[in-house]
Amino acid sequence: MERRVVITGCSAITPIGCCKADILKNLESGTSGVGRIRDDELLVEQLNTSVFGTVDQDVAYDFPRKYRKTMGPVSFAACRVVDDVIEQSGLDRAVLSSGRTGVAFGSSHGSTSVLKKVYQACFNAQSTEMFSLSAADYLKSMVHTTAVNITRMFGITGRVICSPSACTTSSQSIGFGYELIKFGVQDAMICGGSEEYDTTTVAVFDNLLACSTHYNDTPHKTPRPFDAERDGLVVGEGAGAVMLEEFESARKRGAPILGEVIGFSTNNNGGNLIMPDLAGVTQVLEMGLDSAQITADRIDFISAHATATRIGDVIEARAINNVYGNTPWVSGLKSYMGHTIAACGVIETILTLYMMEKGFIVPTLNLDQVDDRCAMIRHTPRLMETNIDYAAVQNFAFGGINTSLILKRFCG
Amino acid sequence: MEREEIQTTIINFIETNFEMSDIGLDDDLNAVHGFDSIDAIELLREIETLMKTKLTRDEEEAAMTIRTVRQIVDFIEKAMADRA
């Protein structure tokens, strides 16, 4: 038995806003959320890059202490967006605690600020600091901290999936949640990802020469996906969640239906853990369409992974061309906020849902001169007023993991 | 340190750090105030700071059965007496 899966709530904390109105305003005006990296008194002075996708707005984390005490910043953000999607969807506590509602959520690491505290205690030779580590530090820093803090705060008793797969963390979360509902294992899944401000992640990409460095004095001009003058990615922070539900129960409850997930694919390149792979990426895009049981010409819009690395964008453009030709509009939404790593898949899904609802598509920011090697696809040239009936959201991760999510505008 | 001072210090610590209020000396901290094992470990670290000494493993395990503030104060008084 295969069941329809709809989205009944979505919420994001992003460098371009922490509510729908702000995010839409900044998308429509082409306003970047990239700024100067914040000083961490650890690594920042040694980095070549000085830019970061920062969340500057104050976000209310007014949770009772009994929930806060096991949370680092990564879980605060996760629980904030999940609180929002539960309220939007209208699912009550009885359903959340029925065993038929689960969580698929992840982050690249546990709370990185708490991990730093743990390491500082371990590497202090004189230390009595070891004993200063609280019992909650492990719960804050373990890799599934977001997923289980969500279950604790909202009394969720169903399946827990934690998919910390770097840049595909939250797209896999949505995909795995979708499959559980589609095949009748769960009736509702809260899916998403969260990424805490973390300069160690920046340092890793910086050492790999993957970070943007030419725009340190003009942060809003980077990243530049598909542009001839792109020079690498910009790491960012953020979080996002979607509520997925089985269609019939959502309809009977009168829940708001924001869109439908109709397909998901994920694969691995089976080789290099860093470099993108044309065959692997092409295959996952084809598999996504197969899963959705639609042909490539039905897709109106592609949210490209588009990190603005020199090689990655070229491989992605070729894969899109292989599978979709040059028919669908293509935009790289990281151009507005940088790469929010574990949160990027769900944030890009939410931005796509917003555009689907409003009937427009935003262009890739900073795409002034398309790289010849990326020119074989249909780049969105400006803000286009057009309907999106079907969209693909694609993400690719270190480790060779690829995903494709296929979304459909809800038509009853 | 006098018993009353210990008692005041412990209650202040719990109310300030654990956001609990109106703590009675004989309240079951778990049942009445939601005090759990994470809080208990954190409180043990505070007791060590208060006593300026480290608790033994046996003392820590014994402390985990404590339910009330009165029992906590008894525990601290005994541990201090054992070290006197």
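Anything mentioned here points back to the structure above.
Visitor: Looking at this structure, I do not really get the layout of surface pockets. What am I missing?
Guide: Left-over empty space is what a probe sized like a water molecule reveals as it rolls over the atoms. Residues and elements named next belong to chain A. In this structure, the largest pocket occupies an estimated 550 Å³ of space. Residue lining of the largest pocket: 29 residues in total, with Ile 274, Pro 276, Thr 309, Gly 312 and Phe 398 positioned closest to the centre. Of all the secondary structure elements, the ones that give two or more residues to the lining of the largest pocket are helix H12 (310–324) and strand E14 (390–397). Sort the elements by how many residues they give to the lining of the largest pocket and H12 lands first, with 6 residues. Residues of the lining of the largest pocket, tallied by class, amount to 16 nonpolar, 9 polar and 4 charged.

Visitor: Honestly, helix H7 (residues 145–154) of chain A in this entry has me stumped. Any pointers?
Guide: Three- or four-residue spacings in an α-helix give side chains the same orientation, since the helix completes a turn every 3.6 residues. A large share of H7(A) lies buried, amounting to 8 of its 10 residues. A:Thr145, A:Thr146, A:Ala147, A:Asn149, A:Ile150, A:Thr151, A:Met153 and A:Phe154 are the residues of H7(A) that are buried.

Visitor: What is the right way to read the packing of aromatic side chains from this model?
Guide: Residue and element names in this part refer to chain A. Scanning the entire structure with this criterion turns up 9 aromatic pairs over all chains. Ring geometry for Phe 52 and Tyr 197: centres 4.6 Å apart, planes at 55°, overall tilted. Highlighted residues: Phe 52 in strand E3 (residues 51–53) and Tyr 197 in the loop between strand E6 (188–195) and helix H9 (199–207), separated in sequence by 145 residues. Using a relative accessible area of 0% as the deciding quantity, one classes Phe 52 as buried. When the ring of Phe 205 is compared with that of Phe 398, the centres are 5.2 Å apart and the planes differ by 55°; the resulting orientation is tilted. Pair noted here: Phe 205 is in helix H9 and Phe 398 is in the loop between E14 and strand E15 (401–408), with a separation of 193 residues, a long-range link. Note on Phe 205: relative accessible area 6%, which makes it buried. Taken together, the aromatic side chains of Tyr 61, Phe 63 and Phe 76 make up a single cluster linked through ring pairs. We note Arg 378 situated over the ring of Trp 329; from NZ or CZ to the ring centre the distance is 3.6 Å.

Visitor: Looking at this model, I keep getting lost on the sheet that holds strand E1 (residues 5–13) of chain A. Mind explaining?
Guide: Whether parallel or antiparallel, the strands of a sheet pair through hydrogen bonds between backbone atoms. All names here are of chain A. If you walk across this open sheet you meet the 11 strands as E5-E4-E6-E7-E1-E8-E15-E14-E9-E10-E12, and the pairing is mixed. The outermost strands of the open sheet, each flanked by one partner alone, are strand E5 (160–161) and strand E12 (378–379). With 8 bridges joining them, E1 and strand E7 (residues 238–246) adopt antiparallel strand pairing. Bridge pairing in E7 links Gly 9 to Met 243. The strands touched by helix H3 (residues 73–89) within the sheet are E1, strand E4 (101–106), E6 and E7, with E1 carrying the most contacts at an inclination of about 135°.

Visitor: Help me understand empty space enclosed by the protein, please; the structure alone is not making it clear to me.
Guide: Residue and element names in this part refer to chain A. Here the structure, examined in full by the defined rule, presents 2 cavities of 30 Å³ or more. The space that makes up the largest cavity amounts to roughly 50 Å³. What lines the largest cavity is Val 74, Ser 107, Ser 108, His 109, Gly 110, Thr 112, Ser 194, Glu 195, Glu 196 and Asp 198. Of the voids in this model, the second largest cavity is the one considered here, and its volume is about 30 Å³. The wall of the second largest cavity is formed by Leu 333, Lys 334, Met 337, Gly 338, Thr 340, Cys 344, Ile 347, Glu 348 and Leu 351. Partitioning the lining of the second largest cavity into residue classes produces 5 nonpolar, 2 polar and 2 charged.

Visitor: I keep staring at the pattern of salt bridges and nothing clicks. Help me out?
Guide: A side chain with one charge may pair with a side chain of the opposite charge, provided their charged atoms come close. All names here are of chain A. Taken as a whole and judged by the stated rule, the model has 34 salt bridges over all chains. The closest approach of N and O atoms between Asp 62 and Arg 80, which form a salt bridge, is 3.5 Å. Residue Asp 62 is located in the loop between E3 and helix H2 (65–68), and its partner Arg 80 is located in helix H3; the two are separated by 18 residues in the primary sequence. Residue classification places Asp 62 among the exposed residues on the basis of a relative accessible area of 59%. Beyond isolated ion pairs, a larger network of salt bridges with shared partners links Asp 62, Arg 80, Asp 83 and Asp 84.

Visitor: Just to check I follow, could you spell out the packing of helix H8 (residues 169–182) of chain A against helix H13 (residues 344–358) of chain A for this structure?
Guide: Two measures define how a pair of helices packs: the angle their axes make with one another and the distance between the axes. Residue and element names in this part refer to chain A. Two numbers describe how H8 lies on H13: the axes approach to 5 Å, and their chain directions differ by 70°. By the angle between their directions, the pair H8 and H13 is classed as roughly perpendicular. Counting all contacts with H8, which are made through Ser 170, Ser 171 and Ile 174, the residues of H13 involved are Cys 344, Gly 345, Val 346 and Thr 349. Counted by class, the contact of H8 with H13 contains 3 nonpolar, 4 polar and no charged residues.

The rules behind each value
- Residues numbered from 1 in each chain as written.
- Chains lettered and ligands numbered in written order.
- Predicted model: local features only at pLDDT ≥ 70, side-chain atom pairs only at ≥ 80, totals over all residues.
- Heavy atoms only, no water.
- 1 Å grid on protein atoms, 1.4 Å probe; cavity = no way out; pocket = protein on both sides within 12 Å on 5 of 7 lines; lining within 4 Å.
- Points joined across faces, edges and corners; volume = space filled by probe spheres on them.
- Helix = DSSP H or I, 4+ residues; strand = E, 2+ residues; numbered from the N terminus.
- Nonpolar A, V, L, I, M, F, W, Y, C, P; charged D, E, K, R; others polar.
- Buried < 20%, exposed > 50% of the residue type's maximum accessible area, 1.4 Å probe, protein only.
- Phe/Tyr/Trp six-rings, centres within 6.5 Å; stacked < 30°, edge-to-face > 60°.
- Lys NZ or Arg CZ within 6 Å of the ring centre and 35° of its normal.
- Pairing = 2+ DSSP bridges.
- Contact = heavy atoms within 4.5 Å.
- Axes fitted to C-alpha atoms, helices over the stretch in contact; angles between N-to-C directions.
- Salt bridge = Lys/Arg side-chain N within 4 Å of Asp/Glu carboxyl O.
- Parallel < 35°, antiparallel > 145°, perpendicular 65-115°, else oblique.

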